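Report on the structure
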Amino acid sequence: MSKSERSFVMVKPDGVAAGLSGEVISRIERRGLEVIAIKKATMQVAVAEDHYSEHSERPFFGELVEFITSGPVVMMAVEGPNAIAALRTMMGPTNPAEAPPGTIRGDFALDVGQNVIHGSDGPESAARELALHFGLAELGT
Ligand code: DAT
Ligand code: MG
């Protein structure tokens, strides 16, 4: 058996506005992964800056924080075997123009800045992002 992992997944403001939250959750569940915590909220600017701190020196950082705080997002803790890599594959590449059909970005996005979904890129970022957006009590640990 593969090791069970947890990832932080978020339907971004463009995805929520387009009514794609259910589609994303459905794909996650149909894949066999479990949503163990979920909430809808508009992210505070300071939390967004922390969430994306690895990109703070990039030219698009201001635009990125402005976008991610522009409306409600749906945040999830998702658990299952190889959850982090499985979700990254389901998301598709960062640039939707390069994302194949069948991936979430390949099916529902066109713009590199507004690409519907976030998923943690490794175990360290998953732990960091889950701690940032969910309390330990919310995760039942
Ligand atoms: P990912 O979301 O696939 O993990 P990332 O961590 O490299 O990608 O970047 C985080 C987000 O920043 C990405 O989802 C959209 C935005 N972004 C990345 N590169 C960008 C670029 N060249 N121009 C505008 N926004 C960009
Ligand atoms: Mg990333």
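Notes on the structure follow. (Residues numbered from 1 in each chain as written. Chains lettered and ligands numbered in written order. Predicted model: local features only at pLDDT ≥ 70, side-chain atom pairs only at ≥ 80, totals over all residues. Heavy atoms only, no water.)

Quick look at the overall build of the protein
Of the regular secondary structure elements, the protein holds 7 helices and 4 strands. The secondary structure elements of the protein, listed N-terminal to C-terminal, are β-α-α-β-α-α-β-α-α-β-α. When the backbone C-alpha atoms are referred to their principal axes, the protein occupies close to 40 × 35 × 25 Å. A total of 141 residues make up the protein; the buried ones form 46% of that total. In the protein, of all internal contacts separated by at least 6 residues, the share reaching a separation of at least 24 is 77%. Charge centroids of the protein, computed over 12 positive and 19 negative side chains, lie 5 Å from each other. (Helix = DSSP H or I, 4+ residues; strand = E, 2+ residues; numbered from the N terminus. Buried < 20%, exposed > 50% of the residue type's maximum accessible area, 1.4 Å probe, protein only. Contact = heavy atoms within 4.5 Å. Lys, Arg positive; Asp, Glu negative; His and termini not counted. Charge placed at Lys NZ, Arg CZ, Asp CG, Glu CD.)

Re the site of ligand 1
The full set of residues close to ligand 1 is Lys12, Tyr52, His55, Phe60, Leu64, Arg88, Thr94, Arg105, Val112, Gly113 and Asn115. Residue Arg105 places a side-chain N or O atom 3.0 Å away from an oxygen atom belonging to ligand 1. Asn115 places a side-chain nitrogen or oxygen 2.9 Å from an oxygen atom of ligand 1. For ligand 1, whose free accessible area comes to 520 Å², the fraction covered by protein is 78%. More than half of the atoms of ligand 1 fall within 2 Å of the grid points belonging to the largest pocket. Split into classes, the residues belonging to the shell around ligand 1 amount to 4 nonpolar, 4 polar and 3 charged. (Near = heavy atom within 4 Å. Polar contact = N/O pair within 3.5 Å; in protein donor to acceptor, adjacent residues only side chain to side chain. Areas by Shrake-Rupley, 256 points an atom, 1.4 Å probe, with all protein chains shown as cover. 1 Å grid on protein atoms, 1.4 Å probe; cavity = no way out; pocket = protein on both sides within 12 Å on 5 of 7 lines; lining within 4 Å. Sits in = over half its atoms within 2 Å of the grid points. Nonpolar A, V, L, I, M, F, W, Y, C, P; charged D, E, K, R; others polar.)

Looking at the packing of aromatic side chains
In this structure the tally under the stated criterion is 1 aromatic pair. When the ring of Phe8 is compared with that of Phe134, the centres are 6.3 Å apart and the planes differ by 65°; the resulting orientation is edge-to-face. With Phe8 in strand E1 (residues 4–11) and Phe134 in the segment after helix H7 (123–133), the pair connects residues that are 126 residues apart, well separated along the chain. Neither Phe8 nor Phe134 differs from the other in exposure class; each is buried. (Phe/Tyr/Trp six-rings, centres within 6.5 Å; stacked < 30°, edge-to-face > 60°.)

Details of the environment of Asn115
One can find Asn115 in the loop between helix H6 (104–108) and strand E4 (117–119). A C-alpha to C-alpha distance of 7.5 Å links Asn115 and Asp14, two positions 101 residues apart in sequence.

Some remarks on the layout of surface pockets
Rolled over the atoms, a probe sized like a water molecule indicates the empty space that remains. The calculated volume of the largest pocket comes to roughly 550 Å³. Around the largest pocket, the lining is made up of 24 residues, and of these Lys12, His55, Phe60, Leu64 and Thr94 lie nearest the centre. Among the secondary structure elements, those contributing two or more residues to the lining of the largest pocket are helix H4 (61–68), E4 and H7. Residues that form the lining of the largest pocket fall into these classes: 6 nonpolar, 9 polar and 9 charged. (Points joined across faces, edges and corners; volume = space filled by probe spheres on them.)

Side note on the packing of helix H2 (residues 21–31) against helix H5 (residues 83–91)
Remark: H2 packs on H5, axes separated minimally by 12 Å, with the N-to-C direction vectors making an angle of 130°. Classified by the interaxial angle, the pair formed by H2 and H5 is oblique. As for the relative orientation of H2 and H5, their crossing is right-handed in sense. Contacts from Arg27, Ile28 and Arg31 of H2 reach H5 at Ala86, Leu87 and Met90. Here the residues of the contact of H2 with H5 sort into 4 nonpolar, no polar and 2 charged. (Axes fitted to C-alpha atoms, helices over the stretch in contact; angles between N-to-C directions. Parallel < 35°, antiparallel > 145°, perpendicular 65-115°, else oblique. Left-handed = near helix turned anticlockwise from the far one by under 90°.)

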